[in-house]
Amino acid sequence: MSAQLESATADPTQTKPNANWSWSRRSTLLALALISAVSVVVVIGLGPVGVAPSTVLRIIGHHTIGVPGVENWARTDDAIIWEVRLPRVLLGAIVGSTLGVVGVTLQALVRNPLAEPYILGVSSGASTGAAAAILFGIGSGLGAESVSIMAFLGALGALALVLALARSTGRITPSRMIVAGVAVGYLLSATTSMLILFADSSEGARAVMFWLLGSLANADWSTLPLGYLSMGAGMVVVFWWRRRLDLLALGDETAMASGVDPGRTRLVLVVVVALCVGFAVSLSGGIGFVGLAAPHIARRITGPIHRHLLPASAALGALVLVWADVAARMALQPRELPIGVVTGVLGAPVLVALVRKLPHNT
Amino acid sequence: MLAATGIDLRLGAVDVLSGAQLCTRPGQVVGLIGPNGSGKSSLLRCLYGMLRPNRGAVLIGDQPIESLSQRSIARAVAVVTQDASADGIGITVGEFVLLGRHVHRGDHQSFTDEDRGVALDALELVDLSGFAQRNLHELSGGERQRVMIARCIAQQSPVMLLDEPTNHLDVRYQHEILTLVRSLEMDTIVVLHDLNLASRYCDHLALLDQGRVVYQGLPEDVLQGDVLEPVYGIEVRRLVDGEHTYLAFGPHAL
């Protein structure tokens, strides 16, 4: 990306000694993973009721592997950490990683640095589904998680529509994907607005608005395993095809000449990442900017090769989101801000700063 | 050996190719020439599966291209495309050349030391050994084109196709690139606009007009006024200087 990165993006063709560059990248990724892991422990203790990291670790140890010892912490601390904050932070970590990975993937698939997880219109579909559930009780027969389920169904509907439009004239190309995604996104946003207007309930509108702006407040142990399994599986598929992303980012003809079928690869990856976004949005609402900012920051650290870029963007996405959640719950306490507001307010200047540092011809 | 016969290609409502045929020649450079819109790039794209013809056959060895996976095609045919500008994405020369090894590794497999060695050798062959760590977008047009060729060399496919590799290059780089292409002694097909370059660097020429190959043969046979004038619609004069033939165009040429 720039000359400053050259030390990090060292010579990949050096047969030996290549220990230097491998070490520098590996250690960068390791440091990122470590910071993310430490952050998870630290942020669990942060909130209106503060809990020391050591106590956090002991409470988690007690619940998971039954660490023996006297339970010398308050029962309220235990409830706050185990029942509320840990699921919330774990949800933030997986959603943040997913948004980071999906952002990188879409930027390669459409060869546009402004691509982000919501460009496919999937989140607008999820929002329409959620608004229908919140305002009109549609899908209430689906049980306690009806809003999330309706959101996911909305995401699937939007994806089907985008694919149908993007494929109507043959292979899915970057521009067809963007136009189809934007068109479907506008259509469904308008539908959501209509639903809010017709519902004529200020409380309902407020609930939908809070949901649209994203929140991790609904995290609980019952939905976490599904979230981890689905989004984790999606990220594995993307990482498996990391080199195809390298080649697609260079152009469809180059990809084809290197043995990668761009149409098929794009189709499979679009479906995979759209499902991931569908899961993320249905569990936490629409959280903006993470999927746009994390890939750009990661690219400055690791360079453009997806073997390094994907894990770095995942770690950064998680890091940004769990800390943004701390800000969301502490900035105006006891009131809680929607997390999308925090990521937007923090993300915009970061992105502007990054763009200003891009090479002139970019 | 790569051969196309009887290729018909229709894109939208336009017949781009009608009955075109072309094949590689062992160790030789075949030049594909013709006016704008005659179908040169489209024919080249049919040869590596980027475009599927409506009729006709493309054979790699004795196998029809449609029976092969894209990876198998790429193992046989390397291509210098026009789209691989890689501007602004920050990839280094070394990383770019190494991607040519993708056809030899599974999606999940990392590149090996052998791959890195092949990529280094390829860079050496195009005289860019010290460039592995440089960012691709910082290079001059000529250097960048040599990197594109190095990626094809690293791919180790017996056939190389080049789509207008001298576009946007100044005179020195045009000659440098084509000298390099010749020196590789691969089975090569190169799309060229400049007929003087075609005359100098190709062993064999195929002249395309309105989607069909209207003339094939040695450069000195194809680059004749009575062959070129009806196709290009411009007067052609020949100037022979020793072993080289030069062409000049237009009513007041020479």
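Above: the structure in question.
Residues numbered from 1 in each chain as written. Chains lettered and ligands numbered in written order. Predicted model: local features only at pLDDT ≥ 70, side-chain atom pairs only at ≥ 80, totals over all residues. Heavy atoms only, no water.

Trainee: Got a minute to help me understand the pattern of salt bridges in this structure?
Mentor: A pair can form between side chains of opposite charge whenever their charged atoms are brought close. Counted according to the given criterion, the structure contains 19 salt bridges over all chains. Asp115(B) is paired through a salt bridge with Arg105(B); the nearest N and O atoms lie 2.7 Å apart. Of this pair, Asp115(B) sits in helix α4 (residues 113-125) while Arg105(B) sits in the loop between α3 (93-98) and α4, and the two are 10 residues apart along the sequence. Since its relative accessible area comes to 15%, Arg105(B) is described here as buried. Residues participating in the shared-partner salt-bridge network are Arg88(A), Asp325(A), Arg329(A) and Glu336(A). (Salt bridge = Lys/Arg side-chain N within 4 Å of Asp/Glu carboxyl O. Helix = DSSP H or I, 4+ residues; strand = E, 2+ residues; numbered from the N terminus. Buried < 20%, exposed > 50% of the residue type's maximum accessible area, 1.4 Å probe, protein only.)

Trainee: Looking at this structure, I do not really get a nonpolar patch on the surface. What am I missing?
Mentor: Residue and element names in this part refer to chain A. Taken together, the side chains of Met209, Leu213, Val341, Val345 and Leu346 present a nonpolar region at the surface, about 410 Å² in accessible area. Looking at which element gives the most residues to the nonpolar patch, the answer is helix α14 (residues 339-356), with three residues. In this fold, Val345 is placed in helix α14. (Patch = residues over 30% accessible without salt bridge, like charges linked within 9 Å, V, L, I, M, F, W, Y side chains within 5 Å. Areas by Shrake-Rupley, 256 points an atom, 1.4 Å probe, with all protein chains shown as cover.)

Trainee: Sorry if this is basic, but what is going on with the packing of aromatic side chains here?
Mentor: Any pair of aromatic rings gets described here by the distance separating the centres and the angle formed by the planes. Across all of its chains, the model carries two aromatic pairs over all chains by this definition. Judged by centre distance (4.4 Å) and plane angle (35°), the ring pair of Phe152(A) and Phe279(A) falls under tilted. Of this pair, Phe152(A) sits in helix α5 (residues 146-167) while Phe279(A) is found in helix α11 (residues 262-284), placing the two residues 127 residues apart along the sequence. Positioned over the ring face of Tyr173(B) is Arg172(B), at 4.8 Å from the centre of the ring. (Phe/Tyr/Trp six-rings, centres within 6.5 Å; stacked < 30°, edge-to-face > 60°. Lys NZ or Arg CZ within 6 Å of the ring centre and 35° of its normal.)

Trainee: Quick question: what am I supposed to make of the nonpolar core here?
Mentor: The tendency in soluble globular proteins is for nonpolar side chains to be buried as a group. Ranked by size, the top nonpolar core spans 129 residues in total, and within it Val95(A), Leu106(A), Leu120(A), Ile287(A), Val97(B) and Ile149(B) carry the most contacts. Take this core: its biggest share by element is 11 residues, from α11(A). Discounting residues that sit within four places of it in the chain, Val95(A) has contacts with Met231(A), Ala280(A), Ser284(A), Ile287(A) and Leu321(A). Leu17(B), Leu22(B), Tyr48(B) and Leu68(B) belong to the second largest nonpolar core, which has 34 residues in total. (Core = buried A, V, L, I, M, F, W, Y, C linked by side-chain atoms within 4.5 Å. Contact = heavy atoms within 4.5 Å.)

Structural measurements only, silent on function.
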